[in-house]
Amino acid sequence: MVRHAGMLFLIAAAIALSPGQSSAQAKALEAKVCLNCHKSEAGNLRGHYEGAAFKSRSMQLKIDDATEILSFDPASLKVVEDAKTQDAEALRDIKKGHEVRIAYVEKDGQKIATLVSSKPPVKLPAEWMITTDEVAALVAQGPEKGRYTLVDSRPAPRFYEGAIPTAINIPYPAFDANRDKLPNDKGRLLIFYCGGITCTMSPKSAEKAKALGYANLRVYHEGMPDWVKKNYSVISAHSLNSAYIKNDIPHVLLDVRPESKAKKGFIPGAVTFPAAAADKLIAKLPPADKKPPVMVYDQEGDTDAVEVARKLVNAGYKKTSVVTGGYDLWDNSNYPTKRDSLATEAV
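Predicted, not measured: the structure shown is a model, and the values here were computed from it.

Student: What should I look at first to understand the overall build of the protein chain in this one?
Tutor: Counting secondary structure elements, the protein chain contains 11 helices and 16 strands. Going through the 347 residues of the protein chain one by one, you find that 47% of them count as buried. A separation threshold of at least 6 residues defines the contact pool for the protein chain, and within that pool the share at least 24 residues apart is 66%.

Following this line, the structure appears as structure tokens:
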């Protein structure tokens, strides 16, 4: 059995092998979220803008977990924003993380950007707007006390990777086939969210709900990208098993129960991370800028796991999810379970 150093080594290894880091993995031309509304086009990349360096005449585009580097000529590059065409200086005004399309030509194995099109924010009726803090206050109350229904309009694979607590999934592309998931009470507060201010799936879902007669609508415009800056997300036992463990997708899985409980059975791949020692252990974790997906679970999924997840988010680990139902739900669902001692310990 290995103590602190061994546990941190395993976590570091999982982070180093996060999706998108393999040099052998083919680079995608489109971020996954872009494929919900766009088809791949030759000579175009879609993703999240990282920044530009005028001295080296290069720019960076984040496509999921991979980074694409393109060169550009300031004298000829065109930047389109809100249907207005500008010169290369407009690159300085594009915020990091914003969705863009980059048209390019390839010469001598180097991609040369010719046009950067910045996706404009979706415009919403003022009465539909709801803030991150307002959504968080409702989530803290729960759907019954808060009298709301929170709908994640993203496709199921994105929902499975992590969602806002209490949300149900009605993907916009399958909205009509899932109308039965909407509340019967058409006066109930109905909140839609998706992938941020440029994402059209939640506004379009709200429009469909309005046409069905729902009168108390909100769109959480900032959506999942803003939520994870301040809050933990949730992931189901089914999603953890099918989306990560069965497919051997790298992740960090923390068992925050006391070691005495963890020894009786734990989720495969977990390392022990007792809640009582969380502050000390978080300080020793690899840098948060590696952006690993981190999943946390306790016995029932609603006590220590939530507290540790909040601490991880505050420490900068923005892809932190709580496994709903905890170990009890995992074990009762007949998913693979280890019943020997954990490979590492933190005491």
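Student: Looking at this structure, I do not really get the environment of Lys319. What am I missing?
Tutor: For Lys319, the position within the fold is in the loop between α10 (304-314) and β16 (320-323). A sequence separation of 25 residues divides Lys319 from Val294, and the C-alpha atoms of the two residues are 6.0 Å apart.

Student: Just checking my understanding: could you explain the confidence of the model for the protein chain for this structure?
Tutor: Summary statistics for the protein chain give a mean pLDDT of 87 and a share of 85% for residues scoring 70 or more. Taken together, the stretch residues 1-6 has pLDDT below 50 and engages in 17 contacts with residues farther than four places along the chain or on a different chain. The model gives residues 16-25 a pLDDT under 50, and that stretch makes 13 contacts with residues more than four places away or in other chains.

Student: How should I be thinking about the side chain of His98 in this particular structure?
Tutor: Looking at where His98 falls in the secondary structure, it is placed in the loop between β5 (84-86) and β6 (99-107). At 3.2 Å, the side chain of His98 forms a polar contact with the side chain of Ser118.

Student: Whenever I open this one, the sheet that holds strand β10 (residues 189-193) confuses me. Can you help?
Tutor: Paired through backbone hydrogen bonds, the strands of a sheet run either parallel or antiparallel to each other. Taking strand neighbours across the sheet as the criterion, the 4 strands line up as β9-β8-β10-β11 in an open arrangement whose pairing is parallel. With partners counted over all chains shown, the strands left at the sheet margins are β9 (168-169) and β11 (217-220), one partner each. In the sheet, β10 pairs with β11 via 4 bridges, with the strands oriented parallel. Bridge pairing links Leu190 to Leu217 in β11. Along the sheet, helix α2 (residues 132-141) makes contact with β8 (148-152), β10 and β11, crossing β8 at roughly 120 degrees.

Student: Would you explain the environment of Arg154 in this entry?
Tutor: Mapped onto the secondary structure, Arg154 falls in the loop between β8 and α4 (156-161). Arg154 gets classed as buried once you look at its relative accessible area, which sits at 10%. The spatial distance from the C-alpha of Arg154 to the C-alpha of Ala174 is 9.9 Å, given a sequence separation of 20 residues. Not counting residues up to four positions away in its chain, the partners in contact with Arg154 are Phe159, Gly162, Ala163, Asn169, Pro171, Tyr193, Cys194, Gly195, Met201 and Met224. Polar contacts involving the side chain of Arg154 include one to the main-chain carbonyl oxygen of Gly162, which spans 2.8 Å.

Student: In this structure, what is going on with the nonpolar core? I would like to understand it.
Tutor: One recurring pattern in soluble globular proteins is that nonpolar side chains are buried together. Among the nonpolar cores identified, the biggest contains 24 residues, and Tyr232, Leu254, Val256, Phe273, Val296, Val308 and Leu312 are the most heavily contacted of them. When residues of this core are traced back to their parent elements, those giving at least two are β13 (252-255), α9 (278-282), β15 (294-297) and α10. Listed in part, the 19 residues of the second largest apolar core include Tyr49, Phe54, Phe72 and Tyr104.

Student: For this particular structure, what's the right way to read α10?
Tutor: An α-helical segment advances 3.6 residues per turn. Residues three or four places apart therefore align on the same side. Within α10, the full set of buried residues consists of Ala305, Val306, Val308, Ala309, Leu312 and Val313. Summarising the axial view, the buried residues of α10 lie within an arc of 165 degrees, below the 170-degree limit, and thus occupy one face. Buried positions along α10 lie against α6 (223-230), β13, α9, β15 and β16. Once α10 finishes, Gly316 follows within two positions and takes phi at roughly 105 degrees, a positive value.

Student: Please clarify how the sheet that holds β16 should be interpreted in this entry.
Tutor: Taken together, the 5 strands give an open sheet; going across it, the order is β12-β16-β15-β13-β14, and neighbouring strands pair in parallel fashion. Bordering the open sheet on either side are β12 (233-235) and β14 (271-272), each of which pairs with just one other strand. Pairing analysis gives 3 bridges linking β12 to β16, with the strands arranged parallel. When the bridges of β16 are listed, Ile235 appears paired with Val323. Strand contacts of α10: β13, β15 and β16, with the helix running at about 175 degrees to β16, the strand carrying the most contacts.

Rules behind the numbers
Residues numbered from 1 in each chain as written. Predicted model: local features only at pLDDT ≥ 70, side-chain atom pairs only at ≥ 80, totals over all residues. Heavy atoms only, no water. Helix = DSSP H or I, 4+ residues; strand = E, 2+ residues; numbered from the N terminus. Buried < 20%, exposed > 50% of the residue type's maximum accessible area, 1.4 Å probe, protein only. Contact = heavy atoms within 4.5 Å. pLDDT = per-residue confidence, 0-100. Polar contact = N/O pair within 3.5 Å; in protein donor to acceptor, adjacent residues only side chain to side chain. Pairing = 2+ DSSP bridges. Axes fitted to C-alpha atoms, helices over the stretch in contact; angles between N-to-C directions. Core = buried A, V, L, I, M, F, W, Y, C linked by side-chain atoms within 4.5 Å. Arc of directions from axis to C-beta.

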